[in-house]
Amino acid sequence: MIRCANPLEQYNSYKSEIDTAISNVLNQGNYILGDEVKSFEQEFSNYIGVDYGIGVGNGTDALLVALKACGVGSEDEVITVSHTAVATTTSIIMSGAKPVLVDIEPNFFSIDLSKLEAAITENTKAIILVHLYGCPADIEGIKKITKRNSIFLIEDCAQAHGADYQGRRVGSFGDLSCFSFYPTKNLGAIGDGGIVLTQDDVLAKKCLELREYGWKERYSSSTLGWNTRLDEIQAAILRVKLKYLDLDNKKRIRIARMYQDLLCDSNIQLPKEREESTHVYHLFVIQSDNRDNLMEHLHKKEIFVNIHYPLPVHLQPFYTSILKQRDLKITESISKKILSLPMYPELLDKEVEEVSSAINGFD
């Protein structure tokens, strides 16, 4: 059996160090917002190339904290894409704002800048730019648009830990950026976790207040906030794994190169890489006009592929009733073709060969 993702193998790779880190937290007795969280916030901020990091409970909360720190609320609009994890849109609705969804580029799965400006109105407060599957979006292009229109830029980097664009880490370009540490991410915890990053000290202070009841001082709420804290155990685990993130990303890229070589003559469309950027292959996503039958073929061989994502947000039951219908033809077309192949750093060469052979043998 070959899994699409395998966080257990990631744990086993660093088991001794992770077990020691967990034991140290348990024995020192400070379990919430202690030294491990503070150290991880600083280390991850340094890694990305910004000054401030605010650890939170998960990636969805990271997006919500970022939106509220920008002052997003009712009557505001936030632009993003429908081809993404539903959390991106969920966070906008939870902030009180209205999501405005724009179609995507067919090659890189990120927002189509040629259609973005038409979606901007006087109510547009922010854009959430999603770097999907590990591939950086067109950051230079979108920065010009947000600057020209005085709009906040929030990077959704949940699938792009360690990716870079024009020599800088993804997550260092926006007013704020958000990461998830769900166990299958390139940098994954053993549980939930997230972080908000920024270079702006005012926004950083707002995020700190928002993550813990609106406190500037303990037990004294200066604004509305809630409880979304990265805990000490997850921070300790992430500190161990952060040391190996670049190495693990290199392993992902090597696996991607193997797939590309082995599948170059197959009847599928392989993922593309944007110029002047590094794709870190959180997922290796192919496209097939016969996707469902190919998926069934692979599952019969105990090769467990997946679809990220089978139903665009705007077509999901809850969202169809509250979102204005827009022209999202590329999004809808791609959702019927995409297929995520097994991809994680511990995937063996013989497993990559087995997956590729099964695809090449599919009629």
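Shown above is the structure to which this text applies.
The rules behind these values
- Residues numbered from 1 in each chain as written.
- Predicted model: local features only at pLDDT ≥ 70, side-chain atom pairs only at ≥ 80, totals over all residues.
- Heavy atoms only, no water.
- Pairing = 2+ DSSP bridges.
- Helix = DSSP H or I, 4+ residues; strand = E, 2+ residues; numbered from the N terminus.
- 1 Å grid on protein atoms, 1.4 Å probe; cavity = no way out; pocket = protein on both sides within 12 Å on 5 of 7 lines; lining within 4 Å.
- Points joined across faces, edges and corners; volume = space filled by probe spheres on them.
- Nonpolar A, V, L, I, M, F, W, Y, C, P; charged D, E, K, R; others polar.
- Buried < 20%, exposed > 50% of the residue type's maximum accessible area, 1.4 Å probe, protein only.
- Contact = heavy atoms within 4.5 Å.
- Polar contact = N/O pair within 3.5 Å; in protein donor to acceptor, adjacent residues only side chain to side chain.

Draft legend 1. Looking closely at the sheet that holds strand β6 (residues 164-165). An order of β7-β6-β12 is seen for the three strands of this open sheet, with the pairing classed as antiparallel. Every other strand in the sheet has two partners, leaving β7 (168-169) and β12 (277-278) as the edge strands with one partner each.

Draft legend 2. The arrangement of the layout of surface pockets in detail. Considering only enclosed or pocket space, the largest pocket measures out at about 620 Å³ in volume. Forming the boundary of the largest pocket are 38 residues, of which Q159, Y182, T184, K185 and H282 lie nearest the centre. Secondary structure elements with two or more residues in the lining of the largest pocket: α1 (7-13), α4 (59-69), α5 (86-94) and β8 (176-180). Considered class by class, the residues forming the lining of the largest pocket number 18 nonpolar, 14 polar and six charged. The space that makes up the second largest pocket amounts to roughly 200 Å³.

Draft legend 3. Expanded view of the environment of R169. Positionally, R169 belongs in strand β7. Residue class for R169 comes out partly exposed when judged on its relative accessible area of 21%. In this structure the C-alpha to C-alpha distance between R169 and H83, which are 86 residues apart in sequence, comes to 23 Å. Here R169 is in contact with Y47, I48, G162, A163, D164 and D246, once residues within four sequence places are set aside. A polar contact of 3.4 Å, which involves the side chain of R169, links it to the side chain of Y47.

Draft legend 4. Quick peek at the environment of T124. Within the secondary structure, T124 is located in strand β4 (residues 124-130). We classify T124 as buried; its relative accessible area is 10%. Distance from T124 to V86, taken between C-alpha atoms, is 20 Å for residues 38 residues apart in sequence. Apart from residues lying up to four places away in sequence, T124 is in contact with E77, I79, A119 and I151.

Draft legend 5. Spatial organisation of unusual backbone geometry. H308 connects to Y309 through a cis peptide bond whose omega is 15°. Unlike most non-glycine residues, E276 shows phi in positive territory, near 60°. You can see E276 is positioned in the loop between α10 (245-262) and β12. Given the relative accessible area of 57%, E276 is considered exposed. Backbone geometry places E302, a non-glycine residue, at a positive phi of 60°. Take E302: it is sitting in the loop between α11 (291-300) and α12 (317-320). By relative accessible area, which is 44% here, E302 ends up partly exposed.

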